[in-house]
Amino acid sequence: MMQPISAGVVSALVAFTSTFAVVLAGLSAVGADPAQAAGGLMVVTVLMGLGSILLAVWSRQPITIAWSTPGAALLASTGAVEGGWPAAVGAFLVVGLLVVATGLIPALGDLIARIPPAVAQAMLAGVLLQLCLGPSRQRWPSPPASCP
């Protein structure tokens with residue numbers, strides 16, 4: 001009986017902590033100071049936990065709500081947004097409502113399903129490439145404008 005429970009706990013911890021640094025970098029990149037980033041992480045973590053519990057009780061199935069690693073990578077590679085932290089929080093709320101609407105309105109889900117997988121994968125690759133190249137771009141200066 002304990003083996004499935006321990007496997008679930010380990011997988012949840014790995015899933016959570018593996019993207020924790022990316023989410024933290026994303027919050028900092030859009031202008032959050034350390035206290036705001038910590039508060040944002042706390043709110044997201046508590047809401048994911050409550051959502052998982054509510055959905056599991058409602059459906060009587062184990063359901064986990066998790067953040068989007070590609071979304072966190074996009075956030076981390078975007079950088080500071082006009083309007084700072086308040087604008088980023090507003091964008092989070094709007095995107096959250098759009099995701100819920102996509103799940104509740106079948107026509108929106110159908111539109112999302114029409115996006116070719118190759119296009120979706122290319123978009124993800126572009127986001128992850130920016131995130132991966134970010135540190136090297138900071139280390140190496142841009143070539144002078146006169147270089148070919």
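Model, not experiment: these values are computed from the prediction.

## Examining the overall build of the protein
Across its full length, the protein carries 7 helices and 0 strands. Counting from the amino terminus, the protein carries its helices and strands in the arrangement α-α-α-α-α-α-α. Residue burial in the protein is summarised as follows: out of 148 residues, 16% are buried. A separation threshold of at least 6 residues defines the contact pool for the protein, and within that pool the share at least 24 residues apart is 60%. For the protein, the accessible surface area stands at approximately 10,800 Å², while carbon and sulfur atoms represent 75% of it.

## A closer look at the packing of helix 2 (residues 20–29) against helix 3 (residues 34–59)
Direction vectors running N to C along helix 2 and helix 3 enclose 130°, while the axes themselves pass 9 Å from each other. Here helix 2 lies oblique to helix 3, going by the angle between them. Relative to helix 3, the crossing made by helix 2 is right-handed. Of the residues in helix 3, those touching helix 2 at Phe 20, Val 23, Leu 24, Leu 27 and Ser 28 are Ala 37, Gly 40 and Leu 41. Taken together, the residues of the contact of helix 2 with helix 3 break down into 6 nonpolar, 2 polar and no charged.

## Concerning the side chain of Ser 52
Here Ser 52 shows up in helix 3. A distance of 2.9 Å separates a polar atom in the side chain of Ser 52 from the backbone oxygen of Met 48. Beyond its immediate sequence surroundings of up to four residues, Ser 52 is in contact with Ile 63, Thr 64 and Ile 65.

## A closer look at the UniProt feature "transmembrane region" (unreviewed entry) in the protein
When the UniProt feature table is mapped onto this chain numbering, "transmembrane region" (unreviewed entry) sits at residues 37–58 and 85–105. The straight-line gap between the two end C-alpha atoms of residues 37–58 is 31 Å; of that span, 100% is helix and 0% is strand.

## What about unusual backbone geometry?
Most peptide bonds take the trans form, and the phi angle of most residues other than glycine is negative. In the Ramachandran plot, Arg 60 falls in the positive-phi region, its phi being about 60° despite a non-glycine side chain. With respect to the secondary-structure elements, Arg 60 resides in the loop between helix 3 and helix 4 (69–78).

## Comments concerning the nonpolar core
One finds Val 23, Leu 27, Val 30, Ala 32, Ala 37, Leu 41, Met 48, Trp 67, Ala 72, Leu 75, Trp 85 and Ala 88 forming the largest nonpolar core, which totals 12 residues. Taken together, the elements giving at least two residues each to this core come down to helix 2, helix 3, helix 4 and helix 5 (84–104). At 3 residues, the largest contribution of residues to this core is made by helix 3. With near-sequence residues (within four places) excluded, Met 48 lies in contact with Phe 16, Ile 65, Ala 66 and Trp 67.

## Observations regarding helix 2
When helix 2 is considered as a whole, its buried residues turn out to be Val 23, Gly 26, Leu 27 and Ala 29. Buried residues of helix 2, seen end-on, are gathered within an arc of 160° and therefore sit on one face of the element. Looking one or two places after helix 2, you find Gly 31, whose phi comes out positive at around 110°.

## Here we look at a nonpolar patch on the surface
On the surface, Met 42, Val 43, Val 46, Leu 47 and Leu 50 cluster together into a nonpolar patch covering about 470 Å² of accessible area. On the secondary structure map, Leu 50 appears in helix 3.

Definitions and limits used
- Residues numbered from 1 in each chain as written.
- Predicted model: local features only at pLDDT ≥ 70, side-chain atom pairs only at ≥ 80, totals over all residues.
- Heavy atoms only, no water.
- Helix = DSSP H or I, 4+ residues; strand = E, 2+ residues; numbered from the N terminus.
- Buried < 20%, exposed > 50% of the residue type's maximum accessible area, 1.4 Å probe, protein only.
- Contact = heavy atoms within 4.5 Å.
- Areas by Shrake-Rupley, 256 points an atom, 1.4 Å probe, with all protein chains shown as cover.
- Axes fitted to C-alpha atoms, helices over the stretch in contact; angles between N-to-C directions.
- Parallel < 35°, antiparallel > 145°, perpendicular 65-115°, else oblique.
- Left-handed = near helix turned anticlockwise from the far one by under 90°.
- Nonpolar A, V, L, I, M, F, W, Y, C, P; charged D, E, K, R; others polar.
- Polar contact = N/O pair within 3.5 Å; in protein donor to acceptor, adjacent residues only side chain to side chain.
- UniProt positions renumbered as here; feature names shortened; annotations may be inferred.
- Core = buried A, V, L, I, M, F, W, Y, C linked by side-chain atoms within 4.5 Å.
- Arc of directions from axis to C-beta.
- Patch = residues over 30% accessible without salt bridge, like charges linked within 9 Å, V, L, I, M, F, W, Y side chains within 5 Å.
- Salt bridge = Lys/Arg side-chain N within 4 Å of Asp/Glu carboxyl O.

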